[in-house]
Amino acid sequence: MSRSRLLPQARRLGGDAALVSVGQIFSYAYPLVSLPLLSRTLGVEGLGVFATILVIIQLLHVWTDFGFGFSALQRMSTAGSREGRQAVAAATITAKLALWASGSIVVMIVAFTVPSLRDYGWYVMIGVLASIGVALYPMWYLQATGQFRLLASLTAGSRLLALAGLVLTVRSPAQFGLAVFWQFVPFLLCAIVSWAVLIPQGDIRLRLSRPAGAVDALRDSLPLFVNLISGQFIVISSVLLLSQVSGYRQAGLFTPADRLVSAIHGVLVAVEQAMLPRLSADRRPEEPNQRKLIFGGLICCYTVSGITLAVIAPVLIPWYLGDEFSEAVPVVQIMGLAVVLSGIARTLVLHLVSLGRFTASSVVIAMAAVWHVATAAFAASVWGAIGVAVAVCGTQLFMAVGLWIVIARRRIATSPSSKTRRLEGRDQMGISFVWEAIRGRIALFVITVIVVTGGGIALGAIWPKTYTSSAQILLGVRTSGTTIDVQSATLYLRERVATYAQIVKADEIIDPAAEATESSPDALRRAVSVGIIPETVVLEISASGASPDQAVERVDVVSARFRAQLSALNVRTGGPRLVAAEVSSPQPATVPDQLHGTTLYVVSAFVGLLVAVVLTTLVAVIRGPRRRRREEPSRLTSQESEYELLDSAMR
């Protein structure tokens, strides 16, 4: 391809990527701005409840999307007629609505039956109802047809509207439901506006397909769903492992890096989706320059973003979050390196997906998720947030190496000069593929199950146990002898309850409490957590210890010291005299915080089976089937041309 033709093509690709990036930048302005606002308004406990609801609804979103962000996009971009596009649209919408309905039922059952979530079930319902927008929003059609201006406008406008609503309406923990509503309403707004624009155009309409069409669409997207759920599990597990193994402080230090990296990935993944139609449409081996240009540009974008994040972290983090988060700077810098490595892995995934090889990318990412849980759990227990950041880098490197091995082995196995050609056409993963992989390598499967299950049980037996107790403190204002009425006093407390929650870990409370419990101040501060019961002025103080009695002692001492110091500190800052009463006293924990007993055995066995299935499938993908099949001449010719395409793109 001549230079005169390459430059206009680069400008066109850059323009599409820029439009999508602008929309996604506005989209990720929402979490970046809302995070400090919600942390100050809801407090630690309220923010934890909000994050839990967010994770639950995000899993519903992944279930509803089911990989259609890529598969429907690819099918739509290769549909050659209006009837073909309408068929793809109807099948996709029908499948996603069915997924949303089934997933919503499961989520609501969990929300109203699990004791820890039962009080927040109505908030979960708000997110579930707003999530129907994920099923109806035809983002894949806008990307496939090149309507990037509309896509960017919808993404930016809906997020800005939600951000404005959050800032204007959420002022205290009493508006918790509004915070949930504004978090998930952008998808619903995008769906409504996009169909209002697309229906008059007449190319596709909002219709349902026959069940057979929806089933075919689901079957086509199944491997990508494995890819998506594995990627989401890598993101979610990092914070969960830190909060459970190292405490909420380490999770808090990791959260800024996680949010910033998620924002970068959100922008660049949308660019990947915008480029996929061009990769799917241009599969001619004689013109590989466009593929090289796209892949090289993506790697450069990830590299520049990661290096920039690492360089500006020492200035950005203290300015954005305050000096108390200075310990998060090295975590953010390490996660910047993870962005660079993820750019290589994501580009290899895009390369395989564009060629229809969903199995390879899905299996490697699933294996990387298992690898990440194992390494991050150990790193969190030893090094905290920094250790988990290093584990994330290791996971991205693991993923990139695995994908490269798959591509290299496929390239060798399908070479026209090779004596064995093992590529079996379009790479699709199904139950039969996995079953044949297990049957062909039953020894590897059994050994993996035994080793992983035994290792999990042994690790659970020797892992140090901790126990947690908690007490609830009701805050009040002494109104007798003052001009303050009860209503004003209640409003005053609700506006300042988040500030009072921070006092629990102040030096004036922690230092004497540490001396009384024969602990170091840093150890006690890590063991103590405090939260706000949503829509109340009740604080819940929790503490962990090596024994149930130590946990109760720590809660008692911290609670008593807090109640004694709270009023004096408030008066010293010009406020009224406060009254703090303990409404529930701490009780000794009967079970440890870690997995134990039958639960440990069941979880270890489940993880062992999962690792064995993923490992044997990965080996099958990399090494190919054990039995060589005779190929038809026509099919062999197709494979040779497919090899030429793969070989030209790899150069």
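Please refer to the structure placed before this passage.
Residues numbered from 1 in each chain as written. Predicted model: local features only at pLDDT ≥ 70, side-chain atom pairs only at ≥ 80, totals over all residues. Heavy atoms only, no water.

What to know about the overall build of the protein chain
Inference 1: Along its length, the protein chain carries 22 helices and 4 strands.
Inference 2: Within the protein chain, the fraction of its 651 residues that count as buried is 49%.
Inference 3: If you take every contact in the protein chain between residues at least 6 apart in sequence, the share linking residues at least 24 apart comes to 81%. (Helix = DSSP H or I, 4+ residues; strand = E, 2+ residues; numbered from the N terminus. Buried < 20%, exposed > 50% of the residue type's maximum accessible area, 1.4 Å probe, protein only. Contact = heavy atoms within 4.5 Å.)

Regarding the nonpolar core
Inference 1: Ranked by internal contacts, the top residues of the largest apolar core, which has 30 residues, are Leu475, Leu539, Ile541, Val558, Phe562 and Leu566.
Inference 2: The set of elements that each furnish at least two residues to this core consists of strand S1 (467–477), helix H17 (486–503), helix H18 (507–516), strand S2 (528–532), strand S3 (538–545), helix H20 (548–572) and strand S4 (578–584).
Inference 3: The element best represented in this core is H17, accounting for 6 residues.
Inference 4: Residue contacts for Leu566: discarding those within four places in its chain leaves Leu475, Tyr500, Ile503, Leu578 and Ala580. (Core = buried A, V, L, I, M, F, W, Y, C linked by side-chain atoms within 4.5 Å.)

Quick word on the side chain of His61
Inference 1: Of note, His61 is situated in helix H1 (residues 3–65).
Inference 2: One polar contact links His61 to Ser131, side chain to side chain, over a distance of 2.8 Å.
Inference 3: The residues contacting His61, other than those within four sequence positions of it, are Ser131, Val134, Phe184 and Phe187. (Polar contact = N/O pair within 3.5 Å; in protein donor to acceptor, adjacent residues only side chain to side chain.)

With respect to a negative patch on the surface
Inference 1: A cluster of acidic residues, Glu518, Asp549, Glu553 and Asp556, forms a negative patch at the surface.
Inference 2: Tracing the backbone shows Glu553 in helix H20. (Patch = residues over 30% accessible without salt bridge, like charges linked within 9 Å, V, L, I, M, F, W, Y side chains within 5 Å. Areas by Shrake-Rupley, 256 points an atom, 1.4 Å probe, with all protein chains shown as cover. Salt bridge = Lys/Arg side-chain N within 4 Å of Asp/Glu carboxyl O. Lys, Arg positive; Asp, Glu negative; His and termini not counted. Charge placed at Lys NZ, Arg CZ, Asp CG, Glu CD.)

Observations regarding the environment of Glu553
Inference 1: Classification of Glu553 by relative accessible area gives partly exposed; the value is 35%.
Inference 2: As a C-alpha pair, Glu553 and Ser469 span 84 residues in sequence and 9.1 Å in three-dimensional space.
Inference 3: Sequence-distant contacts of Glu553, that is, excluding residues within four places in its chain, are made with Ala516 and Thr517.

Re the packing of aromatic side chains
Inference 1: What the rule picks out here adds up to 6 aromatic pairs.
Inference 2: The interplanar angle of 75° and the centroid separation of 5.4 Å between the aromatic rings of Phe112 and Trp122 together place this pair among those described as edge-to-face. Remark: Trp122 occurs in helix H5 (residues 121–130) and Phe112 occurs in helix H3 (residues 82–113); sequence separation between them is 10 residues.
Inference 3: Through a chain of ring-to-ring contacts, the aromatic side chains of Trp63, Phe66 and Phe68 assemble into a single cluster. (Phe/Tyr/Trp six-rings, centres within 6.5 Å; stacked < 30°, edge-to-face > 60°.)

A closer look at the environment of Ala506
Inference 1: Tracing the sequence through the fold places Ala506 in the loop between H17 and H18.
Inference 2: Taking the C-alpha atoms as reference points, Ala506 and Arg525, separated by 19 residues in sequence, lie 9.0 Å from one another.

A look at unusual backbone geometry
Inference 1: Its identity as a non-glycine residue notwithstanding, Glu518 has a phi of 55°, on the positive side.
Inference 2: Within the element layout of this structure, Glu518 appears in the loop between H18 and helix H19 (521–527).
Inference 3: Among the residues examined, Glu518 registers a relative accessible area of 75% and is labelled exposed.

Overview of helix H16 (residues 442–462)
Inference 1: A rise of 1.5 Å per residue sets the reference length of H16, with its 21 residues, at 30 Å; its end C-alpha atoms lie 30 Å apart and thus fit the reference within 8%.
Inference 2: Listing the buried residues of H16 in full gives Phe445, Thr448, Val449, Thr453 and Gly460. The arc enclosing the buried residues of H16, seen along the axis, measures out at 115°, which places them on a common side. Every exposed residue of H16 that faces more than 90 degrees away from the buried side is listed here: Ile447, Ile450, Val451, Ala461 and Ile462. (Expected span 1.5 Å × (residues − 1). Arc of directions from axis to C-beta.)

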